[in-house]
Amino acid sequence: MPEYIDSPDYLNPKRGRRGILIVAVILFALFVSLRSSLSEWVDLLWFESLGYGSVFWKTLYLESAVFAIAATATFGILYFAFSLIRRSHVGDLPSEHAIVIAGRQISLSVAPALRVISLIVSVAIALFTGFAMAAEWPTLALFWYAPHASAGVTDPIFGRPLEFFLFTLPAWRLVDTWLLTLALATCAVAVLFLVLTSGSRTLGARRLRLAESPWRGLSATAAFLLLVLAVTVYVERFELLLEHHTLFDGINYTDAHVTVYGLLLVCAALVLGALMAAVNAARDSRGIWIVGAALPSVFAYVLVNVIGWYVGSFVVKPNQLVREEPYITHNIQMTRQAYGLDRFTQSEFPAETTIDAADPAHNQPTLQNIRLWDWHALQDTLRQVQEIRTYYDFPDIDIDRYSLNGTQREVMLAVRELNVNKLPVSSRNWVNEKLIYTHGYGITMNPVNGFTPEGLPNLLLSNMPVQSTVPGLKVTRPELYFGELADTDVYVKTRQQEFDYPQGQGNNLTSYQGTGGIAIGGFLRRVALALDRGDLGTLPFSDDVTGESRLLMHRNIRDRVARLAPFLTFDQDPYMVVGDDGRLSWIIDAFTTSDAYPDSTHYNLGDSAVNYMRNSVKVVIDAYNGTTTFYVFDTADPVIGAYRRMYPALFTDADKMPADLRRHVRYPEALFSLQSEVYGLYHMTRPEVFFNREDLWTVATQTSNDASGQQTVQPMLPNYVLMKIPGGASEEFVEILPFTPANRNNLIGWIAGRSDGDAYGTAAVYNFPKTRLIDGPQQIEARIDQNAQLSGQLTLWNQQGSHVLRGSLLVIPSGRALLYAEPIYLQAQQSPMPELRLVVLALQDKLAYGTTFQAALASLFGGETSSLNAAAPAQAAPASVASTPSNPQPAIGTDALIAEAARDFDDYQRLTAAGRLGEAGQKLEALKAVLGKLNTRPR
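Residues numbered from 1 in each chain as written. Predicted model: local features only at pLDDT ≥ 70, side-chain atom pairs only at ≥ 80, totals over all residues. Heavy atoms only, no water.

**Student:** Explain the pairing of strand E32 (residues 763-767) residue by residue, including any values.
**Tutor:** Counting buried residues in E32 gives five out of five residues, a clear majority hidden from the surface. Burial of E32 is two-sided: the residues Ala763, Val765 and Asn767 facing one way and the residues Ala764 and Tyr766 facing the other way are all buried. Note: strand E3 (residues 344-348) against E32, five bridges, orientation parallel. Directly across from glutamate 348, in E32, lies its bridge partner asparagine 767. Pairing of strand E31 (residues 749-754) with E32 involves five bridges; the strand directions are antiparallel. Paired with alanine 752 across the two strands is alanine 764, which belongs to E32. (Buried < 20%, exposed > 50% of the residue type's maximum accessible area, 1.4 Å probe, protein only. Helix = DSSP H or I, 4+ residues; strand = E, 2+ residues; numbered from the N terminus. Pairing = 2+ DSSP bridges.)

**Student:** Report on the pairing of strand E14 (residues 498-503), specifying residues and quantitative values.
**Tutor:** With respect to burial, E14 is a largely interior element, five of its six residues being buried. Where E14 meets strand E15 (residues 506-510), five bridges bridge the pair, whose relative direction is antiparallel. Directly across from glutamate 498, in E15, lies its bridge partner threonine 510. Hairpin geometry of E14 and E15 is characterised by an intervening segment of two residues between the two adjacent antiparallel strands and by a positive phi of about 65 degrees at glycine 504.

**Student:** I'd like to hear about a nonpolar patch on the surface, residue by residue, with values.
**Tutor:** A contiguous nonpolar surface patch, about 390 Å² in accessible area, is contributed by Val23, Leu27, Leu30 and Leu34. In this structure, leucine 27 sits in helix H1 (residues 13-49). Under the relative-accessibility criterion, leucine 27 is labelled exposed at 51%. (Patch = residues over 30% accessible without salt bridge, like charges linked within 9 Å, V, L, I, M, F, W, Y side chains within 5 Å. Areas by Shrake-Rupley, 256 points an atom, 1.4 Å probe, with all protein chains shown as cover. Salt bridge = Lys/Arg side-chain N within 4 Å of Asp/Glu carboxyl O.)

**Student:** So what about the sheet that holds strand E17 (residues 550-552)? Which residues, and what values?
**Tutor:** If you walk across this open sheet you meet the three strands as E13-E17-E16, and the pairing is antiparallel. A strand with exactly one partner marks an edge of an open sheet, and here the two such strands are strand E13 (490-492) and strand E16 (518-519). Relative to E17, E16 runs antiparallel, the two being bridged by two bridges. The residue of E17 that forms the bridge with alanine 519 is arginine 550.

**Student:** Break down the nonpolar core for me, citing the residues and quoting the values.
**Tutor:** Grouped together as the largest cluster of nonpolar side chains are 252 residues, with contacts concentrated most on Leu568, Phe630 and Phe651. Of the residues forming this core, the biggest block, 11 residues, is contributed by helix H8 (residues 253-283). Excluding anything up to four places from it in sequence, leucine 568 contacts Ala590, Phe591, Thr592, Val617, Phe630, Ile640 and Phe651. (Core = buried A, V, L, I, M, F, W, Y, C linked by side-chain atoms within 4.5 Å. Contact = heavy atoms within 4.5 Å.)

**Student:** Let's hear about the packing of helix H2 (residues 53-88) against helix H4 (residues 137-145): which residues, and what values?
**Tutor:** It is the contact of H2 with H4, at a shortest axis distance of 10 Å, that shows an interaxial angle of 100 degrees. Here H2 is positioned roughly perpendicular relative to H4, judged by the angle of their axes. Residue-level contacts link Lys58, Thr59, Leu62, Glu63 and Val66 of H2 to Trp137, Leu140, Ala141 and Tyr145 of H4. (Axes fitted to C-alpha atoms, helices over the stretch in contact; angles between N-to-C directions. Parallel < 35°, antiparallel > 145°, perpendicular 65-115°, else oblique.)

**Student:** Lay out unusual backbone geometry with the relevant residues and their values.
**Tutor:** Cis rather than trans, the peptide bond between methionine 464 and proline 465 has omega equal to -5 degrees. Its identity as a non-glycine residue notwithstanding, alanine 351 has a phi of 50 degrees, on the positive side. Examined against the element boundaries, alanine 351 turns out to sit in the loop between E3 and helix H11 (355-358). A relative accessible area of 3% places alanine 351 in the buried class. Of note in the backbone geometry, aspartate 599 takes a positive phi value of approximately 65 degrees without being a glycine. Structurally, the position occupied by aspartate 599 is in the loop between strand E20 (584-594) and strand E21 (603-605).

**Student:** Go over the confidence of the model for the protein, please, and point to the residues and values.
**Tutor:** Detailed reading of the predicted coordinates is not advisable wherever pLDDT falls low. Scored by pLDDT, the protein comes out at a mean of 86, with 86% of its residues at no less than 70. Scored below 50 in pLDDT, residues 201-212 shows 16 contacts in the model against residues more than four places distant or in partner chains. Here residues 864-892 is a poorly scored stretch, pLDDT under 50, and it has 56 contacts once near neighbours within four places are set aside; other chains count. (pLDDT = per-residue confidence, 0-100.)

**Student:** Outline the pattern of salt bridges, supporting the account with residue identities and numerical values.
**Tutor:** Evaluated as defined, the whole model comprises 27 salt bridges. Where aspartate 595 meets arginine 173, a salt bridge forms, and the shortest distance between an N and an O atom there is 3.7 Å. Within this pair, whereas aspartate 595 is found in the loop between E20 and E21, its partner arginine 173 is found in helix H5 (residues 162-196), the two being separated by 422 residues in sequence. Notably, a salt bridge pairs arginine 383 with aspartate 393, separated by 2.9 Å at the nearest N-O pair. In this pair, arginine 383 is assigned in helix H13 (residues 375-385) and aspartate 393 in strand E4 (residues 392-393), connecting sequence segments 10 residues apart. With relative accessibility at 29%, the residue arginine 383 sits in the partly exposed group. By relative accessible area, which is 9% here, aspartate 393 ends up buried. Here the salt bridges do not stand alone but share partners, grouping Glu781, Asp785, Arg806 and Glu822 into one network.

Printed below as a string of structure tokens:
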């Protein structure tokens, strides 16, 4: 007989160890909860420091509400289902069960134990489900806050408004997935009980009389599963408009004529099966009826698929274009709307070949702003001449337009950020990293085609403290507490002065005067902040940190905006703006996206696939205070409309953006790149042309240098240029990209995303003639390589200690012609600083080059550039590609000339290897002169 234990043995050492273990688990859970609560409290302080406390509370409320509803509903469904299953097997289970614990046999009552197990399992699954559903809170919140007014777009099959697909359908899918998971789990438990108790039902007459009872639990859970499957099938009808097919996305002929109606039949069959299973549970019938309940839906599903296969194979396939034409039209129309291609305007561009067609006299703004500085080359140069100290870095180069001396000019800007990881090892301590080295300093600005005689950028803003060479251009707050490399927390307004910038043999020091950050406060608050930020061993005991000191956290601007608005997608290229008051501000483009736009084709955006995208928000971050403002630029976007209803305090109207910042908004690169990819296919608006892919475009490719200096062929990246677009009244800031036909190198079109004035957010497309070939970037590169003198020069430079770097090739309409421009740099192996050596300019039928932009212009256009040179930016003096001395020289013997050429060549190689490229260039010109003399001598 088993030994019954009525009371615990408190003196048992094993029982004591179990008690200690339980206490340890409780303490660990308490610690985790307190740590999580502390993190939430610090986040609240951070949100409140930015004026967005209501955003924090609304997010917490939404997450908590979703968690509570999902967890409660999950617990209720599971516990009820488990109870029903348990009761249906009450006659098949023993009343008691003996188990052995610590060498003692203990008898347990089965029914109470099963109740406890059901309770524990239900609670555990409910908590897990609650957390999982809480992570999806934006989907359910968008459904709740969806705009009531329709955007005026309906799908062509069901007639549902756009808001149904963007907000309602994703919520339905989420809830349906949750219910389906619960239904499958309850069915699995019912089957498990049935299998485990199958042997006991043959024992005795009493068990035989109760043999039908166990099927009640399985019948009830099967009814629930079939009902959920019916909902799933009903939802799948709408998802047909999101399906991917070989030719296009969205609904097709077979889906519209068979699947849509067939799924209704399957849905009805599943509901019928659910009713049969429910009746079976009520009558307590045998399991054969459960199989019968599933048969109608299986038959309906097979029937629909067979009919669909027949229609697809024998009705659609022999006449595919005719059958699919209206659905291709739907796909074209909806895809163009989803990606904003309906904001593109098309016009024809003649792309003529003559010099007169380029009309240089009337396109001076375009020619004066052709970008010669490749951003990689400029970044390498700035790192050598403007970093000043090793712990500074220029992480990126931005291109923008500014009014300088009354003239709109295209410039390049670089921010000098502090990288604490580059501090000397001996200086890597808490005081230096948290209190002293707290910020970057300053900015550089240079014209896109401005060079000094030494081949360096012609800097308009430079040095520390910041110096300006342009009246009215100033930087009053050069300190950068928030940026792209600011990945650590710092403490400001402390007794320790901060390093500002190096000055001579010493350092200039400063103290933070801004309003950003979280106040440190009293001792307990200081300890709490230290615990959360990982500074528990230092912050509470630092004499430099006072109650008035402030903690600056989440200083990386990408991390900052993502924490404030995790539901938005952000452009990966933030850019800096110098305001009229001299303050520095970051601007980041933000997007709303969806994968549920009806009949729209999906494209990859980062790691996700989307079929809808809008640049609805511009985020401005003050580089000194960290103030972050979200400006709404697209009020017609229903997605941002829902978020504005959700977070009214987070968003601000675009017309409230300061005018000096508004002048610098631009067409975002991420949106332009995706739109360009989509446009390559969806510029074809006629279904028959689309069906045959007769006019497929791809982004043009060009030859560029990889990290090792080797030349590779890659798709061109968008380029920002300041130019007068064909048909435009004046110059404007645009983002450009040329296109070629698929698998061809000749140009077929050109797109400009517009950024200024009323044209902001639109794009101009120029179609080139199809009756003749227009050279593409690869063909221009081939013409450069085939030019005997130019290719020989490049080959010579690529030898012995140096290599040639080709900059980005620009394709710019000028007048009625296309102008191609490519800078060529020379970089010595011993010097990371490239030097501009040649500028190549080309028209369709002419290629010219020079050591300066003016020289190349003069070579290309001849006397027509005289008016341009007067207005062109200062550069190094023009030099002829193959020049000879203009003054007569005494006769020199041939042997002497050969010896002189050899010396010049040796000097050229030596200077190039040493990185003294300016002197090497002079020797190269002297070598050319000597070779020219030899060439003119009689043979």
